[in-house]
Every structure is written in C-alpha cells, then in structure tokens.
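Each chain, written out:
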Amino acid sequence: MSEINIGTVASFDDPSRRVIEIAGIQVGVFQLDGEFYAYENKCPHLGGPACQGKILPRVLEDVTEDKKSLGRVFARNQLNVICPWHGFEFDIRTGAHVAVPKYRLRPVAVRTEGGEVFITLPKKNLATS
Amino acid sequence: MNDRSDQTVRDLPEITAATDTRDYLSHATRFAQQHEAYDLIIDVDAHLQEAQFWPEIIDLLENDVLKQTAQAMLKGGSAMPLSNLAPGQNFQSMAGRVPHQSGPRELTDDPETSGHRFVQIVRRAMNTMGVDYQVIFPTAMLLLGTSPVDGAELYLSRAYNRWLRDVILPQDKRILGLVYLPFNSPEDCEKLVKDFSNVPGIVGFTVTSVRHVPVHSPSYMRLYAMIEETGKPLVFHAGPNWNDASFQMLNRFISMHALSFVHYNLIHMTNWIVNAIPERFPKLKTLWVEGGLAWIPYLMQRLDHEFLMRQNEAPGLKKLPSEYMKEMYFSSQPMEQCHPNALKVTMDMMNAETQLLFASDWPHWDFNPPHTVTTLPFLSDEAKRNILGLNAAKLFGLPIKRVRP
C-alpha cells in the first residue's frame, strides 16, 4: 500500500469533495466540519462512481408526536453523497447507506499532517474489482 | 510515505447531466471485460429522450393542422407540444440525484462528420457498455395511449416512425427500432405494419402499454395476423400513469413507479392469456418490456390457481396460463436483485435461459448495465450468453456476429 499526498488542507473547502484517480484507482476525499473522510469511488450496488455524485442533506419524514406526517424535510446535520447511477445515498461521515447500512462505501485511510492531506491507496485495483 | 511527485493524479469532476456518456458509464466499461468473450450483446430496451429532438419529429407530422399547432406551441416556449407528459410531475431524476435521467446535455461532435446527435450519444452508450446493438424506444411517447387529443397519438407515431426510418436507423446499423403502433386505432396500425415491416433496422412492433383498451378486442385480430405473418415480435412496453384513478391514491413517485409500470403489463398479459390469443396466433411472438421480473412468478401462480377452478371462463386455453408465459419473451430491466433466492426462482419459472433478454433502459434512472447479468452467480455461462444476446438474436433475426468495437 502506498500513501499519497493529494494536496493541502487549505485547498479543500468545508464541506467539499475531491475525487481523484491514481494508477487506475479512484478515491473520493471529503472534508466535512473539519474532518476528512475517503472512500473508494465505487458504489456497492452496481459499481457506479458513487463519490462523483451530488452531495445533499439527508431527507427525513417529519412526523409529529401524534404520528401525523408533515412531509419531507432536509436533515440539518447529515450530508450524503449520492451515486449518480441510481441514487444510492451514503452518509459522508460513515460511508453507510442512509437506510440499509450493510450497503456501504469502502473506506480509504486518510489523514492530515502539516497542513497536507494523505490517503493510503489500497493494493487492489478497486476500479475493476 | 510516498508523495505524488512520481504518480499522476487525475481529478474526476462531479457527474452532471452534461457529463459525457463515456465518462458517466466508464465503470461499466471495466465490468464489460466480463462479457468481452461473448459473441453478441444486444440491449433490447434503450431510450430516446425526445425533448431535444421533438422539433424534428414535429416537422414530420402529416396533419397540417396539428403540425401548425405544434410549431406555434414550440415558438411559444412549449418543449413538447402535443405530448401528454406532465413536466411538473417528472420526478425520475430525483431532483438531480440521477443526472442521466435529465439529459442529454453532453456535447457532441459535428453532425456533418459524426452523424446525428442522438446517434452519437447512442454509440457512446453502446461502446462504453460493450454492447453490439441497442433497440430504441421513445420516452415521453410512452404515455400517448392516454392522450385525449384526437390524432395526437396517430400522427405523432407516424412522424416518429418516419424519423426513425429516414433519419436515425440509416446512420448506424447497430441501432435498431420498433414501429410504434397507435394501438387505439387498429386500422392505422395495420397500415404501419404494411409500410414499415421491411424497413432495414426495424425488428418488431411496439405497443405502449399505458392505455385502456382490451388487447383481445376483435378489432385487433387482423393486426395480429399481419404481425404474425411478418415473423417479427409484438412488444408491449410498460410505462407510468399517475393519472390513473387507483394510482392517484399514491403520494410519492416511488410508489406510482413501482406499481404502475407493472400494472398495465399485468392487465394486457392477463387478457392476452385468458382470451387465448396465443392459441389463435401460435406463431405470434410477444416481448414484455420494462416491467421487471418479479411480476412474472406472481402472475403465473395467480392465473394458474384461478384457471384450474374457473376454466369455463377461459375455455380457449389448452394448458396452464404459466405455460403460455414460459413461451413469451421478457426484458430483464429493472432487475429486482434484493432477494437473490426469489430472483433465481423467478428465472427458473420463466425459462430465463431461453426467454429472457438483456435490457439496459439507459439512460433512465434505474438502468441496468450488462454486468447485472454477468454477475448473477446462479446462471451458467451458456445462460448468460443467451440472455445477453443470443435470445434476442433469435427473436429479432439478427446474425450472431460481433459488431461492437
């Protein structure tokens, strides 16, 4: 496994996302509330480019105490990355599908040091696995 | 720790409706290695998103009043005059979550050198997914069977068929089409069968299932005889209809989509079998498209169960309803894969090895790339080859010869 410097912390907005490809391996790197997260750019559903999708807040059903629905609302504290192939939504913080966590993006190790961002590329060529 | 000075880092942009199909589907290319050795991959259901090309189709309307009406509406800002698709309820892309549903907005090359824009985009999809042929259907026109406007379905269908024949199909032999039958007008369907059945690239006849007409009506028997004579299949393409009274009880698109697509094919199939159409036209092949697969074992079981008790209400049948269904063809998309055991049972019950045809439904939001089939663990290699191309080659009379790059 090799560790790659992919740029400075300052080059990432918060929130933001950068998807990179190195030697055929694709990784999505996210910064959210000062923390970094990274995942293989491969949806567990059918292998789509999950990290390159839209980023939106999670949608919740707003139910009152007497069990009436007031419709759908955006969550205030959860951002999802959404696979552009079929709409699978993954919590950026955990990589898990918002409703069925057995579907999850494969995490990639990411760390910061000295204002730089490093990811550890996995051994396998993820894009063909 | 290595820094990146000895490795090239490529940034991949966010995917949008303007993303080139080749980039959008690049992951499918990698999976396509799994079927690289197969002789033939035929995608029996892919779609034209007509909005961008609607003015061309309008130009081919054979009714001067409707043509002038439509052209005036285009000038007034209407995107798809005479269409009964409700743009305000077009939730397929899920507010942009699935951008390919909203397109195509990608750039294409000079049509003088590279062909019609739609042809270029279809080629990109075929080559990226590793497909030899794609059979094209319209999208918005899937709802025309319920248009109340006199002449709308008839003249739009004739215009669309001419556009296919004269503009699109001649530009690439890998693109195949079906004659859109304005099914509410049986006699007009017969004219189209006469005029279009020998057009190169036309491999069958399609009825958009969203309509309220009984397929067993006597008025259709001559049409079925004509189609049977051509040897080409009759294809029922499922579709949504939120205006249907029952579906108006559904408050979310997911609900309507899940039920409505299957609903119309369920009704037409039930009528088709109970009224013994397969007995009257034993050589008429039918293909049922875009209803998924889960409805098939449901209907087989339901009709068999009822038929054994109520045979006097379906006296034309000489065998169980399910046995007729096992001789029909079905497209594979959207393949319901959440319950693999159920999917295996479904494929066993429907004789998938000989009767199932791969379909992508690209560029729609629930498309299936070819590896939807190649990754099924319970299918033999022979079954995969059949489903991915050989069954469709037999149905459409195509040579078993690779034509993809």
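The sections below set out a description of the structure shown in this document.

What counts, and at which threshold
Every residue gets a number counted from 1 within its own chain, in the order that chain's sequence is written. Written order determines the labels here, with chains lettered from A and ligands numbered from 1. The model is predicted, so local features are restricted to residues of pLDDT at least 70 and side-chain atom pairs to those at 80 or more, both for listing and for counting; the totals for chains, interfaces and linings are taken over all residues. What counts as a helix is a DSSP run of H or I of at least four residues, what counts as a strand is a run of E of at least two, and both are numbered from the N terminus. Working definition of a contact: two residues with C-beta atoms, positioned from the backbone, lying within 7 Å. Only C-alpha atoms enter the radius of gyration, while the globule expectation follows 2.2 Å times N to the 0.38, with N the number of residues. We call a residue exposed when 12 or fewer other C-beta atoms sit within 10 Å of its C-beta, buried when the count reaches 20 or more, and partly exposed for counts in between; the C-beta positions come from the backbone. At least two DSSP bridges between two strands are required for those strands to pair. Here is how to tell: hold the view so the strands point away, follow the path from the first strand over the helix to the second, and if it runs clockwise the crossover is right-handed. What makes a nonpolar core is a set of buried Ala, Val, Leu, Ile, Met, Phe, Trp, Tyr and Cys residues, with links drawn between C-beta atoms within 7 Å. Lines are fitted to the C-alpha atoms to define the axes, a helix being fitted only along its stretch in contact, and any angle between axes, read from their N-to-C directions, falls within 0 to 180 degrees. Helix span, expected: 1.5 Å multiplied by one less than the number of residues in the helix. We call two directions roughly parallel when the angle between them is under 35 degrees, roughly antiparallel when it is over 145, roughly perpendicular when it lies between 65 and 115, and oblique otherwise. Two helices cross in a left-handed way if the nearer one is turned anticlockwise from the farther one by less than a right angle. They cross in a right-handed way if the turn is clockwise. In the scheme used here, Gly and all other residues not listed as nonpolar or charged are polar, with Ala, Val, Leu, Ile, Met, Phe, Trp, Tyr, Cys and Pro taken as nonpolar and Asp, Glu, Lys and Arg as charged.

### Thoughts on the overall build of chain A
- Secondary structure summary: chain A contains zero helices and nine strands in total.
- In chain A, the succession of helices and strands from N to C terminus is β-β-β-β-β-β-β-β-β.
- Pairs at least 24 apart in sequence give 52% of the contacts found in chain A among residues at least 6 apart.

### Focus on the overall build of chain B
- Within chain B, the secondary structure is distributed over 17 helices and nine strands.
- Taken over C-alpha atoms, the radius of gyration comes to 21 Å for chain B, in line with the 22 Å a tight globule of 405 residues would show.
- In terms of overall dimensions, chain B has a C-alpha envelope of 80 × 55 × 45 Å along the principal axes.
- Going through the 405 residues of chain B one by one, you find that 46% of them count as buried.

### Re unusual backbone geometry
Residue and element names in this part refer to chain B.
- Here Gln333 and Pro334 are connected by a cis peptide whose omega angle stands at -10 degrees.
- Note on placement: Pro334 falls in the loop between β8 (329-331) and α14 (340-349).
- Within the chain, Met94 stands out as a residue other than glycine whose phi angle is a positive 55 degrees.
- The residue Met94 is located in the loop between α4 (64-75) and α5 (111-114) in this model.
- In this structure Met94 comes out as buried when scored by C-beta crowding, with 20 C-beta atoms within 10 Å.

### Some points on the pairing of strand β6 (residues 234-237) of chain B
Residue and element names in this part refer to chain B.
- Here β6 shows a buried face lined by Leu234 and Phe236 and a second buried face lined by Val235 and His237.
- Here strand β5 (residues 202-208) pairs with β6 via four bridges, running parallel. Bridged to Thr206 within β6 is Val235.
- In this region the chain leaves β5, passes through helix α9 (residues 221-230) and returns to the parallel neighbour β6; the handedness of that crossover is right-handed.
- As judged from the four bridges shared by β6 and strand β7 (residues 286-289), these two strands associate in the parallel manner. Within β7, the residue paired with Val235 across the bridge is Leu287.

### Here we look at the interface of chain B and chain A
- Taken together, the contacts link 23 residues of chain B with 25 residues of chain A.
- Broken down by element, the side of chain B that touches chain A gets its largest block of residues, four residues, from strand β1 (residues 9-12) of chain B.
- Here four bridges tie strand β2 (residues 16-22) of chain A to β1(B), and the two strands are oriented antiparallel to one another. Bridge pairing in β1(B) links A:Ile20 to B:Asp11.

### Concerning the nonpolar core
- Grouped together as the largest cluster of nonpolar side chains are 108 residues, with contacts concentrated most on B:Leu156, B:Leu178 and B:Leu357.
- In this view, B:Leu357 contacts B:Val44, B:Tyr329, B:Ser331, B:Ser332, B:Ile387, B:Asn391, B:Ala392 and B:Leu395; residues no more than four positions away in its chain are not counted.
- The next biggest cluster of nonpolar side chains, apart from the first, holds 29 residues, and it includes A:Val27, A:Leu79, A:Trp85 and A:Val110.

### Concerning the environment of B:Asp109
Residues and elements named next belong to chain B.
- Counting through the fold element by element, Asp109 comes out in the loop between α4 and α5.
- The spacing of Asp109 and Ile121 is twelve residues in sequence and 9.9 Å in space, taken between C-alpha atoms.
- Asp109 has contacts with Ser114 and Gln120, leaving out every residue within four places of it along the chain.

### Some remarks on the sheet that holds β2(A)
- With antiparallel pairing, the four strands of this open sheet are ordered in space as β4(A)-β3(A)-β2(A)-β1(B). Taken across any chain shown, the strands that pair with only one partner, and hence form the sheet edges, are β4 (35-40) of chain A together with β1 of chain B. Within the sheet, the average angular offset between the axes of one strand and its neighbour, ignoring direction, is 30 degrees.
- In the sheet, strand β3 (residues 25-32) of chain A pairs with β4(A) via six bridges, with the strands oriented antiparallel. Bridge pairing in β4(A) places A:Phe30 opposite A:Tyr37.

### Here's the deal with the environment of B:Tyr329
Residue and element names in this part refer to chain B.
- Looking at the element boundaries, Tyr329 is found in strand β8.
- The buried category is assigned to Tyr329, around which 22 C-beta atoms lie within 10 Å.
- Sequence separation of Tyr329 and Gln101 is 228 residues, and the distance between their C-alpha atoms is 26 Å.
- Ignoring any residue separated from it by four or fewer positions in sequence, one finds Tyr329 in contact with Pro233, Lys285, Thr286, Leu287, Gln355, Leu357 and Leu395.

### Looking at α4(B)
- Helix length check: α4(B), at twelve residues, gives a terminal C-alpha distance of 16 Å against a target of 16 Å (1.5 Å per residue), a fit within 8%.
- Just beyond α4(B), the residue with positive phi is B:Gly77, at close to 110 degrees.

### A look at the packing of helix α12 (residues 295-309) of chain B against α14(B)
Residues and elements named next belong to chain B.
- Where α12 contacts α14, the axes come no closer than 9 Å and their chain directions differ by 60 degrees. One element, α12, and the other, α14, form an angle in the oblique class. In the crossing of α12 with α14, the sense of the turn from one axis to the other is left-handed. Taking contact as the criterion, the partners of Ile296, Pro297 and Met300 in α12 are, on α14, Val345, Thr346 and Met349.
- Across the contact of α12 with α14, the residue classes tally to five nonpolar, one polar and no charged.

Geometric values such as these leave the question of function open.
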